[in-house]
Amino acid sequence: MTPPDLRAPYASDPSRSRGREFSIENGLARGARSPYQRDRDRIIHSIAFRRLRYKTQVFVAPDGDHYRVRLTHSLEVAQIARVIARILGLDEDLTEALALAHDIGHPPFGHAGEDALDAALHKAGGFDHNAHTLRTLMRIDSPYCEHDGLNLTWETLEGLAKHNGPVLEPTWALAELDAAYNLDLGSHASLEAQVAALSDDIAYDNHDIDDGLRAGFLDLDELLAHPFVVDRWNEVERRYPGVPLDRQLAELIRSQIGVMVNDLVAQTQKNLVGIGSIEDVRAAGRALVAFSPEMAEGERAFKRFMYEKLYYHPEQVETARRARALLAELYSAYSQETVLMEESWIDTMPRFEPARSRHIADYIAGMTDRFAIARHAEIYGRTPEGLSNV
């Protein structure tokens, strides 16, 4: 927990939390944790968080032990976010909770899975992974006797809902949750949430280099000549001539992360001049945690490069097509024969639309890559090919 004497005036203060959706009287005391520490721990102990171990980050169901998955990515985001939060005097526990939970709503097969569920629910409001993160944590993952969901603090839920900025047109899932527990969707979220959001960018911008090179999808010479990394690469070669390439590349990635973190901290400190409270943060009308204009421009250009060379690599595109087809077939099977679902999900199946279709999508969204592949094989009697490309 960030000590009060080190907490900046614009940080989230756990002693001033707006509380939780469900107020539990006569609850058991479990140590001297702050509300945000409890949130972090509830997230870590949740089933939804554990399932991230077998959910796609860049590559579907990677066979190699060294590739990242949603779980390891989330841990890396949290590590970067805590460093930034500490420097800025923010609440480290809230920042960590947000970083750890930000991808919990992703279905199997990453964005390909999201596209498949969005298409399947086109008559039922669609599917959005960010809204589904809130739906999972507030309604679906329910280990407590007293209430649905994990009953996280308002600040954690607000940060997850708005870490990318105000939500002016929420999808049905987020709109329902906001109606039940007002998350003030029209304003900017806390600085802790903003830090978690850009820490996500820093993590995948750099760690996806590692995975892309390991898989052979990125051309090394083309990568190292890109303006976003070339200066750091030249410095690595100058400082470590003759060192094996894999170690040089690891040093490049560490250096890139350090440069991006330092830039973000410096620019954010400039943006925070005149900001004296968290109320000022929410009323600022813009994100205050930000890269410098130069870094932001370079990072956007590098993202375009990574999309062209890695995320939209022909093998990736084909794998995504197969993943979408698999989930579409799963959704079709469950829609026609709900008895194919697990008993607990059958027992709670709504009778009417659109709740019925959304319930089926909830079930599929919670699956890991490997569980979805196994269930498809059981139902259709064939194992899909081409769903692991590394």
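Everything discussed here concerns the structure shown above.
Once a new chain begins, its residue numbering starts again from 1 and follows that chain's sequence as written. With the structure being a predicted model, the display of local features is reserved for residues of pLDDT at least 70 and the display and counting of side-chain atom pairs for 80 or more, all residues being used for whole-chain, interface and lining totals. Only hydrogens and water are set aside; all other atoms, that is, all heavy atoms of the structure, feed into the side-chain values.

Caption draft 1: Geometry of the overall build of the protein. The secondary structure listing takes helices from DSSP runs of H or I that are at least 4 residues long and strands from runs of E that are at least 2 residues long, numbered from the N terminus. The number of helices and strands found in the protein is 18 helices and 0 strands. Throughout, the radius of gyration refers to the C-alpha atoms, and the reference size of a globule is 2.2 Å times the residue count to the power 0.38. Computed over C-alpha atoms, the radius of gyration of the protein comes to 22 Å, within 12% of the 21 Å expected from 2.2 N^0.38 for 390 residues, which places it in the range of a compact globule. Taken along its principal axes, the extent of the C-alpha atoms in the protein is 65 × 50 × 35 Å. For the protein, buried positions account for 55% of its 390 residues. What makes two residues a contact is simply this: any of their non-hydrogen atoms within 4.5 Å. A separation threshold of at least 6 residues defines the contact pool for the protein, and within that pool the share at least 24 residues apart is 74%. Here, Shrake-Rupley sampling with a 1.4 Å probe gives the accessible areas, and only protein chains in the shown set may cover a residue. Put simply, the protein shows about 17,900 Å² of open surface, and 50% of that area lies on carbon and sulfur atoms. On the protein, the mean spot of the 43 positive side-chain charges and the mean spot of the 61 negative ones are 2 Å from each other. Exposure classes here rest on a 1.4 Å probe applied to the protein chains alone. A residue is buried below 20% of its type maximum, exposed above 50%, and partly exposed in between. This count recognises Lys and Arg as positive and Asp and Glu as negative, with His and chain-terminal groups excluded. Where a charge sits is defined by one atom per residue type, namely NZ (Lys), CZ (Arg), CG (Asp) or CD (Glu).

Caption draft 2: Representation of the packing of aromatic side chains. Pairs were defined over the aromatic rings of Phe, Tyr and Trp, the Trp ring being its six-membered one, requiring ring centres within 6.5 Å. Orientation was assigned from the angle between planes: stacked under 30 degrees, edge-to-face over 60, tilted for the rest. Applying the stated criterion across every chain yields a total of 8 aromatic pairs. An angle of 80° between the planes, with centres 5.5 Å apart, marks the rings of phenylalanine 59 and phenylalanine 217 as edge-to-face. Residue phenylalanine 59 is found in the loop between α2 (47-51) and α3 (70-88), and its partner phenylalanine 217 is found in the loop between α9 (191-215) and α10 (220-224); the two are separated by 158 residues along the sequence. Exposure remark for phenylalanine 217: the relative accessible area of 9% places this residue in the buried category.

Caption draft 3: A look at the packing of helix α15 (residues 314-336) against helix α17 (residues 355-365). Interaxial angles span 0 to 180 degrees and are taken between N-to-C directions of axes, which are lines fitted to C-alpha atoms, for helices over the stretch in contact. Relative orientation of the contacting elements α15 and α17 amounts to 130°, with a least axis distance of 10 Å. Between α15 and α17, the interaxial angle falls into the category oblique. Note on packing geometry: the crossing formed by α15 with α17 is right-handed. Residue-level inspection shows Leu327, Leu330, Tyr331, Tyr334 and Ser335 of α15 in contact with α17, the latter providing Arg356, Ser357, Ile360, Ala361, Tyr363 and Ile364. Ten residue types, Ala, Val, Leu, Ile, Met, Phe, Trp, Tyr, Cys and Pro, are classed as nonpolar, four, Asp, Glu, Lys and Arg, as charged, and the remainder, Gly among them, as polar. Class assignment for the residues of the contact of α15 with α17 results in 8 nonpolar, 2 polar and 1 charged. Note that the term roughly parallel is reserved for angles under 35 degrees, roughly antiparallel for angles over 145, roughly perpendicular for angles of 65 to 115, and oblique for everything else. By definition, turning the near helix anticlockwise from the far helix through less than a right angle yields a left-handed crossing, and turning it clockwise yields a right-handed one.

Caption draft 4: Here's a closer look at the side chain of serine 292. By the secondary structure assignment, serine 292 is in the loop between α13 (278-282) and α14 (293-311). What makes serine 292 buried here is its relative accessible area of 9%. Polar contacts here mean pairs of N or O atoms no more than 3.5 Å apart (in protein, one a potential hydrogen donor and the other a potential acceptor; neighbouring residues in sequence count only if both atoms are side-chain atoms). Separated by 2.7 Å, the side chains of serine 292 and aspartate 263 make a polar contact. Here serine 292 is in contact with Asp263 and Gln267, once residues within four sequence places are set aside.

Caption draft 5: Inspection of the nonpolar core at higher detail. To form a nonpolar core, buried Ala, Val, Leu, Ile, Met, Phe, Trp, Tyr and Cys residues must be joined to one another through side-chain atoms within 4.5 Å. In terms of nonpolar packing, the biggest core is built from 85 residues, with Ile84, Leu134 and Ile202 touching the most fellow members. If one sorts the elements of this core by residue count, α9 sits on top with 9 residues. Other than its neighbours up to four places away in sequence, isoleucine 202 contacts Ile80, Ile84, Ile257, Met260, Val261, Leu264 and Phe291. Counting residues in hydrophobic clusters, the runner-up holds 27 residues, among them Leu121, Ala323, Leu327 and Met349.

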